[in-house]
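# Topology and contacts: notes
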Amino acid sequence: MKVNPTNQTHLNPYQKQIQQQPAKQPNAQSDKAEISNRAKAMQDNHIQKARDEHVQNVKQQVQDGNYDVDLNKTAEKLASFFRP
């Protein structure tokens, strides 16, 4: 048995709203970010190079088995992190 729906108009009920919406403007302004000279200076490579050298030094010490951890200093840092 086939049931045909009644009062079906085959129209989009939102068509009227779609037509009322303004068209998007192609020349709309976009967001823009600028990096200051000070921020650029902070990103300087010499800081990154020093960091990389330190990391490589620590990695080498760990691989050689010469890297010692100061347990008291580590405990102090952890305690200060978790204290309110």
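These numbers were taken from a predicted model, which means no experiment stands behind them.

Rules and cut-offs
Residues numbered from 1 in each chain as written. Predicted model: local features only at pLDDT ≥ 70, side-chain atom pairs only at ≥ 80, totals over all residues. Heavy atoms only, no water. Helix = DSSP H or I, 4+ residues; strand = E, 2+ residues; numbered from the N terminus. Areas by Shrake-Rupley, 256 points an atom, 1.4 Å probe, with all protein chains shown as cover. Salt bridge = Lys/Arg side-chain N within 4 Å of Asp/Glu carboxyl O. Buried < 20%, exposed > 50% of the residue type's maximum accessible area, 1.4 Å probe, protein only. Phe/Tyr/Trp six-rings, centres within 6.5 Å; stacked < 30°, edge-to-face > 60°. Expected span 1.5 Å × (residues − 1). Patch = residues over 30% accessible without salt bridge, like charges linked within 9 Å, V, L, I, M, F, W, Y side chains within 5 Å. pLDDT = per-residue confidence, 0-100.

What follows concerns the overall build of the protein. Each helix and strand counted, the protein has four helices and zero strands in total. If you list the helices and strands of the protein from N to C, you get α-α-α-α. By element, 50% of the accessible surface of the protein is carried by carbon and sulfur atoms, the whole surface being about 9,400 Å².

The next point concerns the pattern of salt bridges. On inspection of all chains with the given rule, the structure shows one salt bridge. The salt bridge partner of Lys32 is Glu34, with a shortest N-O separation of 3.5 Å. Like Lys32, the residue Glu34 is exposed in the burial classification.

Time to look at the packing of aromatic side chains. Scanning the entire structure with this criterion turns up one aromatic pair. Between the aromatic rings of Phe81 and Phe82, the centroid separation amounts to 4.9 Å while the plane-to-plane angle is 85°, which identifies the pairing as edge-to-face. For the pair Phe81 and Phe82, one class covers both residues: exposed.

The first and last C-alpha atoms of helix α4 (residues 71–82) sit 17 Å apart over twelve residues, in line with the 16 Å expected at 1.5 Å per residue. When you tally the buried positions in α4, you get zero out of twelve residues, a small fraction of the element.

Turning our eyes to something else, we now look at a nonpolar patch on the surface. There is a patch of nonpolar side chains on the surface, built from Val62, Tyr67, Val69 and Leu71 and spanning about 410 Å² of accessible area. You can see Tyr67 is positioned in the loop between α3 (45–64) and α4.

The terminal C-alpha atoms of α3 lie 28 Å apart, and with 20 residues this matches the ideal 28 Å at 1.5 Å per residue to within 8%. Immediately downstream of α3, the backbone of Gly65 shows phi near 80°, a positive value.

A word on the confidence of the model for the protein. Summary statistics for the protein give a mean pLDDT of 81 and a share of 77% for residues scoring 70 or more. Per-residue pLDDT, averaged within each element of the protein, yields its smallest value for helix α1 (residues 15–20) (74) and its largest for α4 (93).

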